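Summary of structural features
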Amino acid sequence: MRTPQAIAGSAVFFIAAPCVVAGLVPWLLTDRYRLPLSTVPGFVPAGSILIVTAIALLVHSFARFALEGLGTPAPVAPTERLVIGGVYRHVRNPMYVAVLSIILGQALLFSSWSVAAYAAIGAIVMGSFVRFYEEPTLARRYGGEYETYRRNVPGWLPRLTPWRGGTSTSQGHV
């Protein structure tokens, strides 16, 4: 896939998946954000920081798929190369971590139990999808390169120091 096509495909998938999962559904669960902001001390700033940071992480992750991997996060248009640069040197699933963080940030922002429950359900669904679909698919597609990556980079809780392994192709994309 060429870079412009990868960027366009990633942009479409960004709107179709994370914007719906982390934006539209919480918006509907909070009665279209008509809830007052939380009165619990610290929840509003913590939720706001979590949301803003996670959005930046999500955009970075999508950009890496298009620019480094020459593909999209959508299973129908996968990357040509395994994406292991940037934030992917700290955690294997930064998109899922970011989406869940955005949802949790909204749960804090509005002190919403329904959004917190939605985040918990989302974590179970995403974790199952990664375990039973993504990991086997990536192992088949990228073989030993993915297995080495999987052994060295945690799936959900980021490492503090970046993993320094990988191929020479991805080394320049930090």
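All figures in this text were calculated on a predicted structure; none of them were measured in a lab. (Residues numbered from 1 in each chain as written. Predicted model: local features only at pLDDT ≥ 70, side-chain atom pairs only at ≥ 80, totals over all residues. Heavy atoms only, no water.)

**Some words on the overall build of the protein chain**
Going by this rule: Only runs of H or I of at least four residues qualify as helices and only runs of E of at least two qualify as strands under DSSP, and these elements are numbered from the N terminus. For this measure, only C-alpha atoms enter the radius of gyration; the expected value for a globule follows 2.2 Å times N^0.38, where N is the number of residues. Here, two residues are considered to be in contact whenever any of their heavy atoms come within 4.5 Å of each other. When charges are counted, Lys and Arg are positive and Asp and Glu negative, with His and the chain ends excluded. Charge placement uses NZ in Lys and CZ in Arg. For Asp and Glu, CG and CD serve respectively.
The number of helices and strands found in the protein chain is seven helices and zero strands. Starting at the N terminus and ending at the C terminus, the protein chain contains elements arranged as α-α-α-α-α-α-α. Whereas a compact globule of 174 residues would reach a radius of gyration of roughly 16 Å, the protein chain reaches 17 Å, a difference of no more than 12%. If you line up the protein chain on its principal axes, its C-alpha atoms span 50 × 30 × 30 Å. In the protein chain, the proportion of contacts linking residues at least 24 apart, taken out of those at least 6 apart, comes to 73%. Of the side chains in the protein chain, 14 bear a positive and 7 a negative charge, and the two mean positions are spaced by 3 Å.

**Observations concerning the pattern of salt bridges**
Quick note on the threshold: Each reported salt bridge corresponds to a side-chain nitrogen of Lys or Arg within 4 Å of a carboxyl oxygen of Asp or Glu. We call a residue buried when its accessible area falls under 20% of the maximum for its residue type, exposed when it is over 50%, and partly exposed in between, using a 1.4 Å probe and counting protein chains only.
For the coordinates displayed, the defined rule picks out four salt bridges. For the salt bridge of D31 with R34, the shortest nitrogen-to-oxygen distance reads 3.5 Å. In this structure, E147 engages R150 in a salt bridge whose closest nitrogen and oxygen atoms are separated by 2.9 Å. Pair noted here: E147 and R150 are both in helix α6 (residues 144–152), with a separation of three residues, about one helical turn. A residue is classified by how much of its surface remains accessible, and E147, at 22% relative accessible area, is partly exposed.

**Quick notes on the confidence of the model for the protein chain**
Where we set the bar: A residue's pLDDT is the confidence the predictor assigns to it, expressed on a 0 to 100 scale.
When the pLDDT values of the protein chain are averaged, the result is 94; 95% of them are 70 or greater. Per-residue pLDDT, averaged within each element of the protein chain, yields its smallest value for helix α7 (residues 168–171) (41) and its largest for helix α4 (residues 94–110) (98). Below a pLDDT of 50 lies the segment residues 168–174, which in the model reaches 15 contacts outside its immediate sequence neighbourhood of four places, other chains included.

**Details of the nonpolar core**
Keep this limit in mind: Here, nonpolar core refers to any group of buried Ala, Val, Leu, Ile, Met, Phe, Trp, Tyr and Cys residues whose side-chain atoms link them within 4.5 Å.
Membership of the largest hydrophobic core comes to 28 residues, with the highest contact counts inside it found for L58, L82, Y88, M95, V99, I103 and Y149. Mapped by element, the contributors of at least two residues to this core are α3 (43–67), α4, α5 (113–142) and α6. Tallying contributions element by element places α4 first for this core, with eight residues. Apart from residues no more than four positions distant in its own chain, Y88 is found in contact with S61, R64, F65, V83, P94, M95, Y149 and V153.

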